[in-house]
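A structural walkthrough
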Amino acid sequence: MAIEKIKAPDLGGAENVEIIEVCVSAGDTVDAEDSLVVVESDKASMEIPAPQAGKVVAVLVNEGDSLNEGDVILELEVQGEEAASEAPADPEVEARLEEVPAPVVESAAEATTSQASTVQSFPIPDIGGDSAEVIELCVAVGDAVEEGDSLIVLESDKASMEVPSPAAGTIKAILINEGDTASAGLPLVEMEVVGSVAATSEDIPMPTPAADAKEKIIEPKQVSEKHQPVHGMTENRPTGEVYAGPSVRKMAREIGVDLAIVPGSGPRGRIQKADVKSFIKDALANKRVGQATGGAGIPQVPDIDFAQFGEVRLEKMSKLHKVTATNMHRSWLNVPHVTAFDDVDITDLEAFRSTLKKEAEKAGVKITPLPFLLKALAKALMAHPKMNSSLHADGEHLVYKDYVHIGMAVDTPAGLMVPVIRDVDKKSIFELAAETVELAQKAKERKLKPQEMQGGTFTVSSLGAMGGTGFTPIVNTPEVAILGVSKLSVKPVWDGENFVPKKMLPLSLSYDHRVVNGADAGRFFVFLNSILQDFRRLAL
Ligand code: CAO
């Protein structure tokens with residue numbers, strides 16, 4: 001263990017940048033890249049992420065403080081001896097912290113001092129090396145703008161920024177559209193300008209942060225339009241205009257909260273994470289929402305003192321348990337689930353599996369039904385790519401994946417973990433058997449790396465070793481389907497003349513009905529079961 005002082009990185013040359021949000025407190029555990037503080041200059045909101053995982057020992061800054069490069073933000077207790085004195089080490093992170101320079105004049109002509117009107121073209125300025133999406137056009141053709149007025153708003157993964165007008169004038173043409181990807185140098189606007197305008201990039205001063213600068217960050221229009229104000233909430237600004245940092249905006253997008261109707265309690269009415277949380281809490285607590293919408297709201301579960309009925313114990317939930325609970329709840333609320341059931345005859349597969357036992361022992365692996373299921377699933381997913389897809393965040397596209405990475409639910413003492421087996425279609429049964437055992441073991445010992453739990457395209461949840469005749473697994477979003485496996489049992493099956501004993505494996509397939517239709521799922525299930533029933537079909 002070592003205590004590291006986490007210092008502010010290069011803030012793109014800006015000085016005395018205001019801290020508008022402190023995202024952690026002493027005692028918190030953070031992962032690498034988690035936001036520590038949000039700072040704001042007059043042109044951009046930026047998050048300073050943790051350079052590595054650790055436990056926050058002391059936070060040495062407050063909201064409202066000014067921050068400069070090298071200032072100590074907090075003390076972090078980290079594993080090992082490696083130093084992480086400056087946040088962040090990642091050059092990409094440094095790049096996104098750069099201040100947004102003022103636009104440059106496209107033509108590198110001489111500076112003019114003429115008082116006559118000229119129409120000039122202005123490109124996108126340097127936006128810190130990355131490209132960003134144009135989420136708002138703030139001006140229209142014919143508008144008169146002052147120097148410094150916002151022309152457009154850009155948003156990258158971590159920062160929202162406004163591009164200010166480099167001069168006063170009248171907009172003659174807008175050369176970019178909402179939704180376009182902007183990068184430095186692309187044409188932005190044509191403006192009729194009067195008088196002296198700096199005409200080379202060197203002549204245009206870098207913007208400096210102004211403590212009293214009034215900034216508005218505009219929420220993407222399509223998000224605002226989707227939501228109606230929730231009953232009982234006060235709107236403290238016009239719909240569509242939102243004053244919030246990137247982390248808050250990301251959080252709101254993930255949970256589906258319209259920031260335009262969330263009251264902000266931060267400096268200058270800025271919306272903070274706590275505001276979004278209390279907004280949701282209030283909305284859930286407001287039973288009238290449910291009544292007013294004919295039952296569409298979620299009534300609050302009453303807070304009951306169980307001690308009045310007998311002895312009780314309070315046990316803190318593990319972090320993993322809480323994360324799983326949140327994920328399950330999110331998926332349950334967001335995804336319209338349908339579950340299909342089938343019993344598949346795996347009598348022949350079981351016979352084949354038992355002939356492999358000695359061979360498997362020699363190879364040092366234990367063969368359960370799971371690797372056969374994985375292999376059959378990979379074939380079925382490749383033949384039915386919709387089951388291997390995800391719904392795009394815009395709700396208008398499906399993302400098809402040309403790889404098959406299958407997650408496997410593993411029951412561990414700390415809670416449920418889902419390691420991902422990559423490229424299942426390319427691996428042999430023995431390889432899959434070895435990998436499932438290795439990943440399950442790592443999960444139980446909490447030795448899985450984050451990348452070993454990412455990238456899944458489909459999940460299997462096997463309760464076969466435990467029992468049960470069927471269950472309805474919850475889709476592991478953003479995947480669109482999950483297979484539940486229950487306990488194999490011998491059942492009498494009518495073969496046309498007699499009842500014959502067959503080894504029947506109960507399967508349940510839950511799917512996201514926004515993406516997968518009943519017929520899609522039915523075809524997939526029939527295909528999967530045909531392989532499990534006669535494993536030679538894998539070769540077809
Ligand atoms: N029916 C009958 N027996 C089965 C079976 C099934 N569907 N699946 C496995 N078995 C048998 C195995 O063959 C093995 O028997 P032997 O020891 O006699 O060979 C025994 O049950 C134990 O299997 P296992 O659990 O060690 O191995 P596995 O490959 O089946 O599963 C793993 C591995 C990691 C998926 C499992 O250990 C596990 O953690 N399952 C729980 C997953 C879970 O919690 N899901 C719920 C998620 S939603 O809350």
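What comes next is a walk through the structure. (Residues numbered from 1 in each chain as written. Predicted model: local features only at pLDDT ≥ 70, side-chain atom pairs only at ≥ 80, totals over all residues. Heavy atoms only, no water.)

Some words on the pattern of salt bridges
We count it as follows: Salt bridge criterion: a side-chain nitrogen from Lys or Arg within 4 Å of a carboxyl oxygen from Asp or Glu. Secondary structure is summarised from DSSP: a helix means a run of H or I of at least four residues, a strand means a run of E of at least two, and numbering begins at the N terminus for each.
Counted by the stated rule, this structure contains 13 salt bridges. Glu350 serves as the salt-bridge partner of Arg353, at 2.8 Å between the closest nitrogen and oxygen. Linking Arg353 with Glu350, this pair stays in helix 7 (residues 347-362), spanning 3 residues, or about one helical turn. One salt bridge in this structure joins Asp512 and Arg514, with 2.7 Å as the shortest N-O distance.

Let's talk about empty space enclosed by the protein
Quick note on the threshold: With a 1 Å grid laid over protein atoms only, a set of points is called a cavity when a 1.4 Å probe fits there but cannot get out and a pocket when it is open yet has protein on both sides within 12 Å along at least five of seven lines; lining residues have an atom within 4 Å of a point. Grid points are joined across faces, edges and corners, and a volume is the space filled by probe spheres set on the points. Each residue gets one of three labels, nonpolar for Ala, Val, Leu, Ile, Met, Phe, Trp, Tyr, Cys and Pro, charged for Asp, Glu, Lys and Arg, and polar for the others, Gly among them.
Tallied over the entire structure, the rule returns 2 cavities of 30 Å³ or more. In this model, the second largest cavity occupies a volume close to 30 Å³. Together, Ile346, Leu349, Pro369, Phe372, Leu373, Leu505 and Leu532 line the second largest cavity. When residues of the lining of the second largest cavity are assigned to their parent elements, the largest contribution, 3 residues, is made by helix 8 (residues 369-383). Considered class by class, the residues forming the lining of the second largest cavity number 7 nonpolar, no polar and no charged.

Describing the packing of aromatic side chains
Condition: The rule is short: rings of Phe, Tyr and Trp, with Trp giving its six-membered ring, pair when the centres are within 6.5 Å, and they are stacked under 30 degrees, edge-to-face over 60, tilted in between. Type-normalised accessible area, obtained with a 1.4 Å probe on protein chains alone, sets the label of each residue: buried when under 20%, exposed when over 50%, and partly exposed for intermediate values.
Counted according to the given criterion, the structure contains 4 aromatic pairs. Ring centres 6.1 Å apart and planes at 70° place the aromatic pair Phe352 and Phe372 in the edge-to-face group. Placement of Phe352 in helix 7 and of Phe372 in helix 8 is noted, with a sequence separation of 20 residues between them. With a centroid separation of 5.3 Å and 75° between ring planes, the pair formed by Phe372 and Phe535 is classed as edge-to-face. Remark: Phe535 occurs in the segment after helix 10 (518-533) and Phe372 occurs in helix 8; sequence separation between them is 163 residues. Like Phe535, Phe372 is buried. Site record: aromatic cluster; members linked through ring pairs are Phe352, Phe372 and Phe535.

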